[in-house]
Amino acid sequence: MMSVQDGISRRSVLKMMAAGATGVAASLEVSRASAAARLVVGAAYVGPKDDYGWNQGHAQGVAALKQIDGVKVVEEENVPETIQIQKTMESMISLDGAGLVFATSFGYWEHMLKVAAKHSKVQFLHAGPTVWKDGMPTNAGSYNGYIDEAQYIAGIVAGYTSKTGKLGFVGAKPYPASLRNINSFTLGARTVNPKATTQVIFTGDWVLPVKEAEAVNSLADQGIDVVTCHVDSPKVVIETAEKRGIFSSGYHVNQATLAPRGYLTGAEWNWPKVYTDYVNWLREGKTWPHLRRGGLKEGIVRNASYGRPVSEPARKHADRAKAGFMDGTFVIYKGPMKDNTGKTVIAAGKSHGQIDVWLESMDWLVEGVTGSTRS
Amino acid sequence: MEALGWWGVPLAVLGGAIRASTPFLFVSLGECLTEKSGRINLGLEGTLVMGAMSGYGIAYLTGWPWLGVVVAGSSGMALGALHGVVCSRPRVNDIAVGIALMLFGLGLAFYLGKPFIQPKAPRLPAIDLGWWSSSPQVRAALEVNVLFIVGAVLAPALLWALNNTRWGLAVRAVGDSADAARAMGYPVNRVRLLSTVAGGFLAGIGGSFLSLYYPGSWNEALSSGQGLMAVALVIFARWDPVLCFFAALLFGGAGALGPALQSVGITWGYYLFNAAPYVLTLLIMIATSSTRRTLIGAPGELSVTK
């Protein structure tokens, strides 16, 4: 499971191999015995790791691992979600001796399972809404965050700050996690301004810079004065909003430097904590659940610090809501709740907590959203 | 800001036409000139992306966006020269070379552009042509970049030059019949080389517009095929620079249609609306095609029409 490099005699390597099934414990002993025993961590990204977005978030998590003594990191960017990711993982394992592999794009899942079945001593982790089931390789798992909690907070801030009560959301595709972000953002805004609406524009794909810029321009033309998004690289959305003189709320990572005037807050991943946890657990010989989820309370997601335009009451209100998430008392999806066609989706008295998997197959938009889940 | 409602759609299409058409315009004018000389340079997608990257990089490093534009044009010239020189050899297929150069340009731009994805380069300035309007939406739509105006002037100028100057005659002669041009004493390969270099220059500048003005940042998905589309657009425009201008406006405006319709609540079919320019191209191509003759305006030496 761990790569053992120079400084260790052949005998100690043989001893370690003899430990066999308890590989983790054995390598732990080795690492105590000799500082040269290292853990190699592999990470693959679907795009550039400095995209101000999804990939950068993961690269920040991996960068935190580089600070840990005895951990070596191998990374590869722009790995397509094809057989290529299998080759990348194979080479990280066989050539670099990776003992832990992070596959950070949705389409890597099936490929990762195939490679995991072949390398039972290596741990594999997938970032996304994927669920491990019995029969899948036991050395595979997934991690994901309830980032819509952070979007709910961002919605409160947007509801306070918007003068027109019209908010905008630039999405890539109407898939469940996006819809959940849109709904939570809108629900947050409507606790402050019950008349607030969110106009959704789907561009059709995860990275389409010109379309994203056009979407923000169209939203601004319609009097929308706060824009947020769920695309892979929010850079263009945030910059265009700033250029049009409207407010923006970020996504994935902090984009405040791109919009010093109009950046309100943002919904961010906290991967450095998640990744560091995994490495520590591995080195301590601990196991982890195949499915890891969490929101603000678990420290998997967070909000960007408030920008200058965010008023004092908005900050107070948002902080109060955040406290509700932190002590686990607050539930976003509580009935009665209607979708934007007037149909009741959650009956009165019913509530769906964050861990409810029903929320992970969301296919409706809440009242107050202008848009449709059809493509 | 007052909401515009349905008026937002034509305004967004107009604004989109002005904002998003410039790369199409420059690449298609460049390709038009190259094809008029009898060669096809399919590598302009790579040239466009290379121009976008080098322009952004230089603007970031020096703080001068206009220097970025010049460098973008120069890198386009270099790629054009490579195409021109290789194709000057006997029995070299210009289409194959173009595809190779496209992949080369993309790869080189991604490799060299790595450090420039994150930094923010200064943008090209805009000219406010909407000063007369009190509506912020109209003013935003009529914010025009100098490069757009340059392209708009260049299109008729190129048409005039092709039809009325000695240089234009040389390009057309070489493009229509290499044998006749040779008999008249024109250096066929040199004319084609220069036309390809000039075409690359324009495509490079088109790239700098993408990264330095709209959408105004450098990343690997910036072009997503606009250079290829612009090459097809030349055929659509019948090798006429002025028609290239209108076709570029059409493609730019059509790109704004999907988002604009969603912003007024038309939430179905955005994939279909996003495909609008291609559907339109197909329809026009079918409507104007003939079984009896090649396309009007097609240079006779072009390998696809020969």
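Residues numbered from 1 in each chain as written. Chains lettered and ligands numbered in written order. Predicted model: local features only at pLDDT ≥ 70, side-chain atom pairs only at ≥ 80, totals over all residues. Heavy atoms only, no water.

Draft legend 1. A look at the packing of aromatic side chains. Residue and element names in this part refer to chain A. Counted according to the given criterion, the structure contains 27 aromatic pairs over all chains. Joined through ring pairs, the aromatic side chains of Trp54, Phe102, Tyr143, Trp269, Trp271, Tyr275, Tyr278, Trp281 and Trp288 make up one cluster. The ring centre of Tyr278 lies 5.0 Å from the NZ or CZ of Arg292, which sits over that ring. (Phe/Tyr/Trp six-rings, centres within 6.5 Å; stacked < 30°, edge-to-face > 60°. Lys NZ or Arg CZ within 6 Å of the ring centre and 35° of its normal.)

Draft legend 2. The arrangement of the pairing of strand β7 (residues 197-202) of chain A in detail. Residues and elements named next belong to chain A. Among the six residues that make up β7, five are buried, leaving the element largely enclosed by the rest of the structure. Here six bridges tie strand β6 (residues 166-171) to β7, and the two strands are oriented parallel to one another. Within the sheet, the bridge partner assigned to Leu167 lies in β7 and is Thr198. Handedness of the crossover joining β6 and β7 through helix α7 (residues 176-192): right-handed. In this structure, β7 lies alongside strand β17 (residues 369-370), joined through two bridges in parallel fashion. Bridge pairing links Thr198 to Val369 in β17. (Buried < 20%, exposed > 50% of the residue type's maximum accessible area, 1.4 Å probe, protein only. Helix = DSSP H or I, 4+ residues; strand = E, 2+ residues; numbered from the N terminus. Pairing = 2+ DSSP bridges. Right-handed = clockwise from strand over helix to strand, strands pointing away.)

Draft legend 3. View of the packing of helix α8 (residues 209-221) of chain A against helix α1 (residues 8-36) of chain B. Where α8 of chain A meets α1 of chain B, the axes come as close as 11 Å, and the angle between the chain directions of the two elements is 140 degrees. Considering only the axes of α8 of chain A and α1 of chain B, their crossing is right-handed. Where α8 of chain A approaches α1 of chain B, its residues Val210, Glu214, Asn217, Ser218 and Asp221 of chain A are matched on the opposing element by Leu11, Ala12, Gly16, Arg19 and Ala20 of chain B. Split into classes, the residues belonging to the contact of α8 of chain A with α1 of chain B amount to four nonpolar, three polar and three charged. (Axes fitted to C-alpha atoms, helices over the stretch in contact; angles between N-to-C directions. Left-handed = near helix turned anticlockwise from the far one by under 90°. Contact = heavy atoms within 4.5 Å. Nonpolar A, V, L, I, M, F, W, Y, C, P; charged D, E, K, R; others polar.)

Draft legend 4. Local environment of the interface of chain A and chain B. Taken together, the contact between chain A and chain B spans 40 residues of the former and 46 residues of the latter. The largest per-residue losses of area from chain A upon contact with chain B belong to Glu214, Asp221 and Gln222 of chain A, which jointly make up 17% of the total buried on that side. A salt bridge links Glu77 of chain A to Lys114 of chain B; the shortest N-O distance between them is 2.8 Å. One can count 12 residue pairs in polar contact (both at pLDDT 80 or more) joining chain A with chain B. Elements that contribute at least two residues to the side of chain A that touches chain B include exactly β7, α8 and α9 (235-243) of chain A. Examining the composition of the side of chain A that touches chain B, we find that 10 residues originate from one element, α8 of chain A, more than from any other. (Buried area = accessible area lost by both parts, 1.4 Å probe. Salt bridge = Lys/Arg side-chain N within 4 Å of Asp/Glu carboxyl O. Polar contact = N/O pair within 3.5 Å; in protein donor to acceptor, adjacent residues only side chain to side chain.)

Distances and angles like these do not, on their own, reveal function.
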